[in-house]
Amino acid sequence: MQIGTIGAGQVAQAFARKAAAAGHRMILSNRRGPEDLAPLASAIGTAVSAAAREEAAACDIVLLAVPWSQVEDALSGLPDWRGRILIDATNAFDGEGRTVPDAASSSELVAALAPGARVVKALNATFMTNFETAPAVGPFRRAIFVSGDDGDAVEQVADLLEQFGFAPVDLGPLALGGRMQAVGSTLAGHEFFLPWPAPRSFPAFNGAPERTR
């Protein structure tokens, strides 16, 4: 699989290392351009390259990993996503590290800024220092939460995270699960381990929005 990133900071780099180790090819991009990123991509491994944002965004799966203040610019001017998967790893902090007023619905805003994308919220609720360490402890795996309105997209992202060695946990559509993962929620910033193998989904919540397949 070829996976792109919009952003090339700590989150994107950690993800790229995991993906490359699992046998995937990564295309990193940032606002400074591929020439700036070429040494970093080379240092991560031969399966990682640098390219313009538009080329990275053309991959079937794309990781959005930029500061919240840059999200709108990072997604602007791109063509319709035509069903490609956009993994939203962002957290809605302002420039001074405080949560923004609409933080709970941040992934729904990302979806609105990426017409045609199948947005899956993931990776934002765990510290990257923990993501970078071994995902398994004895018979337990570190849980990674995923949410999205398209069931097939959620399954694809969950499969990818499982390849990385994690235990993906499907929290449901963005209006429910995305808010459960959002910065400031009870799940954000906490670490959970599950005995492996583990079920991916929590039982359905009464009144939870339906998702597509």
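Conventions we followed
- Residues numbered from 1 in each chain as written.
- Predicted model: local features only at pLDDT ≥ 70, side-chain atom pairs only at ≥ 80, totals over all residues.
- Heavy atoms only, no water.
- Helix = DSSP H or I, 4+ residues; strand = E, 2+ residues; numbered from the N terminus.
- Contact = heavy atoms within 4.5 Å.
- Buried < 20%, exposed > 50% of the residue type's maximum accessible area, 1.4 Å probe, protein only.
- Arc of directions from axis to C-beta.
- Core = buried A, V, L, I, M, F, W, Y, C linked by side-chain atoms within 4.5 Å.
- 1 Å grid on protein atoms, 1.4 Å probe; cavity = no way out; pocket = protein on both sides within 12 Å on 5 of 7 lines; lining within 4 Å.
- Points joined across faces, edges and corners; volume = space filled by probe spheres on them.
- Patch = residues over 30% accessible without salt bridge, like charges linked within 9 Å, V, L, I, M, F, W, Y side chains within 5 Å.
- Areas by Shrake-Rupley, 256 points an atom, 1.4 Å probe, with all protein chains shown as cover.
- Salt bridge = Lys/Arg side-chain N within 4 Å of Asp/Glu carboxyl O.

*Asks:* Residue-level account of the side chain of Ser29, with values.
*Replies:* Residue placement: Ser29 occurs in the loop between β2 (25–28) and α2 (34–44). Apart from residues lying up to four places away in sequence, Ser29 is in contact with Thr5, Ile6, Gly7, Ala8, Leu37, Ala51, Ala52, Arg53 and Ala56.

*Asks:* Quick one: what's the story with unusual backbone geometry, residue by residue and with numbers?
*Replies:* Geometrically, the link from Trp196 to Pro197 is a cis peptide bond, its omega value of 0° lying close to zero. As for its position among the elements, Pro197 is in the segment after β10 (193–195). Phi angles above zero are rare outside glycine, and Arg82 is one such case at about 50°. By the secondary structure assignment, Arg82 is in the loop between α4 (71–75) and β5 (85–88). Look at Leu123: it is not a glycine, yet its phi comes out positive at around 75°. Residue position: Leu123 is located in the loop between β6 (118–122) and α6 (128–131).

*Asks:* Let's hear about helix α5 (residues 106–113): which residues, and what values?
*Replies:* Listed as buried for α5 are Ser106, Ser107 and Val110. Each buried residue of α5 lies within a common arc of 95° when the element is viewed along its axis, so the set occupies one face. Close packing links the buried residues of α5 with β4 (61–64), α4, β5, β6 and α8 (174–181).

*Asks:* Run through the environment of Arg25, naming residues and quoting values.
*Replies:* Relative to the helices and strands, Arg25 is located in strand β2. If we skip the residues at most four places from it in the chain, Arg25 touches Met1, Gln2, Ile3, Thr46 and Ala47.

*Asks:* Give a description of the nonpolar core that names residues and reports values.
*Replies:* Counting residues in each nonpolar core, the largest one holds 33 residues, and the members touching the most others are Phe15, Leu63, Ile87, Leu123, Phe131, Val157 and Phe164. Core analysis: the second largest hydrophobic core is formed by 23 residues, Val62, Leu86, Ala114 and Val183 among them.

*Asks:* Explain empty space enclosed by the protein to me, using residue names and the numbers behind them.
*Replies:* In total, this model carries 1 cavity of 30 Å³ or more according to the counting rule given. Counted as a void, the largest cavity has a volume near 40 Å³. The wall of the largest cavity is formed by Ala122, Leu123, Asn124, Ala125, Thr126, Ala143, Ile144, Phe145 and Gln181. For the lining of the largest cavity, the element with the most residues is strand β8 (residues 140–148), which contributes 3 residues.

*Asks:* Now, about a nonpolar patch on the surface: what can you tell me, with residues and values included?
*Replies:* Side chains of Val137, Phe140 and Phe193 sit close together on the surface and give an oily, nonpolar patch of about 250 Å² of accessible area. Mapped onto the elements of the fold, Val137 is located in strand β7 (residues 136–137). Judged by its relative accessible area of 47%, Val137 is partly exposed.

*Asks:* An account of the environment of Gly33 is requested, with residue identities and associated values reported.
*Replies:* Along the chain, the position of Gly33 falls in the loop between β2 and α2. What makes Gly33 buried here is its relative accessible area of 13%. The spatial distance from the C-alpha of Gly33 to the C-alpha of Ala52 is 5.8 Å, given a sequence separation of 19 residues.

*Asks:* With reference to specific residues and values, describe the pattern of salt bridges.
*Replies:* Counted according to the given criterion, the structure contains 11 salt bridges. In this structure, Lys121 engages Asp88 in a salt bridge whose closest nitrogen and oxygen atoms are separated by 3.2 Å. Of this pair, Lys121 sits in strand β6 while Asp88 sits in strand β5, placing them 33 residues apart in sequence. Owing to a relative accessible area of 0%, Lys121 belongs among the buried residues under this scheme. Take Asp88: its relative accessible area is 0%, and that puts it in the buried class.

By themselves these figures say nothing about function.
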